[in-house]
Amino acid sequence: MTVNATSPNSGANSTSGTTNSNSTRNGFGSGATFAPGISINVNKNTTAGAPQMGAAKNPGTGVDRSSPLVLPEPAFYSAADVRSYCEALRAFAAYSAIEVEVGAEILKAALEQAPPVPGDHGFRAKMRARAVAKKVSKAADALADAAKDAAGAWAAFQREYADVMTPRPAQQQRRPFQF
């Protein structure tokens, strides 16, 4: 972000060497303004042929968030594959839970601002908005539980298949006791 601003003494009413009754000693008087120029650059990278969903489909709303919402192929050939899938699932569910919870709050605020039904009180309108948003919030809670379960799946895999992942060294054969 680039911010450009002029110095305080370069105001419209300030003159060098003369006194002006309309300006103050810092150069800001009745008519002097301070307007910084702000430039914001946004670069959007998209891949050709990739299906776009949600905010990526409509570029006027939000940003392209299709990359964190991609789960890897469920191919489990090693412990590393199981670990990466569980971590990706946990990240997906946690990110989605946050997004859905924010969506629930926005939905509730939008429904509270909707025109009321004729003969309905303002308090009742807010209660109806909360009832609708509560269902979306429950979906966010379910996604948060899915994130916890994904982390638990990796822990259970480590616990149950620890011998397969890191086999114990074979015990040496003992000679039978002889006199």
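Owing to the predicted nature of the structure, the values given are computational and were not obtained by experimental measurement.

Within the protein chain, the secondary structure is distributed over 3 helices and 2 strands. Overall, the protein chain shows an N-to-C arrangement of helices and strands of β-β-α-α-α. Taken over 179 residues, the protein chain has a buried fraction of 12%. Partitioning the intrachain contacts of the protein chain with sequence separation of at least 6 by distance along the chain shows that 49% fall at a separation of at least 24. Just so you have it, the protein chain exposes about 14400 Å², and 56% of that area is on carbon and sulfur atoms.

Our next topic: the side chain of Ser137. Locating Ser137 in the fold gives a position in helix α2 (residues 122-160). Note on Ser137: relative accessible area 19%, which makes it buried. A polar atom in the side chain of Ser137 sits 3.2 Å from the side chain of Glu101.

This model, assessed by the stated rule, comprises 6 salt bridges. Here Arg83 makes a salt bridge to Glu87, at a shortest N to O gap of 3.2 Å. Here the residue Arg83 and the residue Glu87 both occupy positions in helix α1 (residues 79-112), the gap between them amounting to 4 residues, near one helical turn. Residue Arg83 is classed as partly exposed on the basis of its relative accessible area of 44%. Overall, Glu87 belongs to the partly exposed group, its relative accessible area being 39%. Linking Lys148 and Asp145 is a salt bridge whose minimum nitrogen-to-oxygen distance equals 3.8 Å.

Here we come to a nonpolar patch on the surface. Among the surface-exposed residues, Ile98, Val102 and Ile106 lie close enough to one another that they form a single nonpolar patch of about 290 Å² accessible area. Tracing the backbone through its elements, the reader meets Val102 in helix α1.

Before going further, it helps to examine the environment of Leu143. Considering the arrangement of structural elements, one finds Leu143 in helix α2. Sequence-wise, Leu143 and Arg90 are 53 residues apart; in three dimensions their C-alpha atoms are separated by 9.3 Å. Not counting chain neighbours up to four residues away, the residues in contact with Leu143 comprise Ala93, Ser96, Ala97 and Val100.

Further remarks concern the packing of aromatic side chains. Here the structure, examined in full by the defined rule, presents 3 aromatic pairs. Put simply, the rings of Trp154, Phe157 and Tyr161 touch in pairs and so form one group of aromatic residues.

A word on α1. Taking 1.5 Å per residue as the helical rise, α1 with its 34 residues ought to reach 50 Å, and the 49 Å between its terminal C-alpha atoms agrees with that figure. Taken residue by residue, α1 has Val82, Cys86, Ala93, Ser96, Ala97 and Ala104 as its buried positions.

Thresholds applied
Throughout, a residue's number is its position along its own chain's written sequence, starting from 1. Residue-level local features of this predicted model are given only where pLDDT is at least 70; pairs of side-chain atoms are given and counted only at 80 or more, and the full residue set underlies all totals for whole chains, interfaces and linings. Only hydrogens and water are set aside; all other atoms, that is, all heavy atoms of the structure, feed into the side-chain values. In this description a helix means any DSSP run of H or I spanning at least four residues, a strand means any run of E spanning at least two, and both kinds are numbered starting from the N terminus. Partly exposed residues are those whose accessible area sits between 20% and 50% of the maximum for their type, while under 20% is buried and over 50% is exposed, using a 1.4 Å probe and protein chains only. Contact between two residues is taken to exist if any of their heavy atoms lie within 4.5 Å; hydrogens are not considered. Accessible areas in this description were obtained via Shrake-Rupley with a 1.4 Å probe; residue shielding takes into account the shown protein chains only. The term polar contact refers here to a pair of N or O atoms within 3.5 Å; inside protein, the definition further demands a hydrogen-donor-capable atom paired with an acceptor-capable atom, and it admits residues adjacent in sequence only when both atoms are side-chain atoms. The salt bridge criterion pairs a side-chain nitrogen of Lys or Arg with a carboxyl oxygen of Asp or Glu, the two atoms within 4 Å. Distance thresholds for patches are 9 Å for like charges and 5 Å for nonpolar side chains (Val, Leu, Ile, Met, Phe, Trp, Tyr), applied to residues having over 30% relative accessible area and no salt bridge. Side-chain rings of Phe, Tyr and Trp (the six-membered ring for Trp) are treated as a pair once their centres are within 6.5 Å; stacked means planes under 30 degrees apart, edge-to-face means over 60, and tilted covers the remaining angles. Every helix has an expected span of 1.5 Å times one less than the residues it contains.

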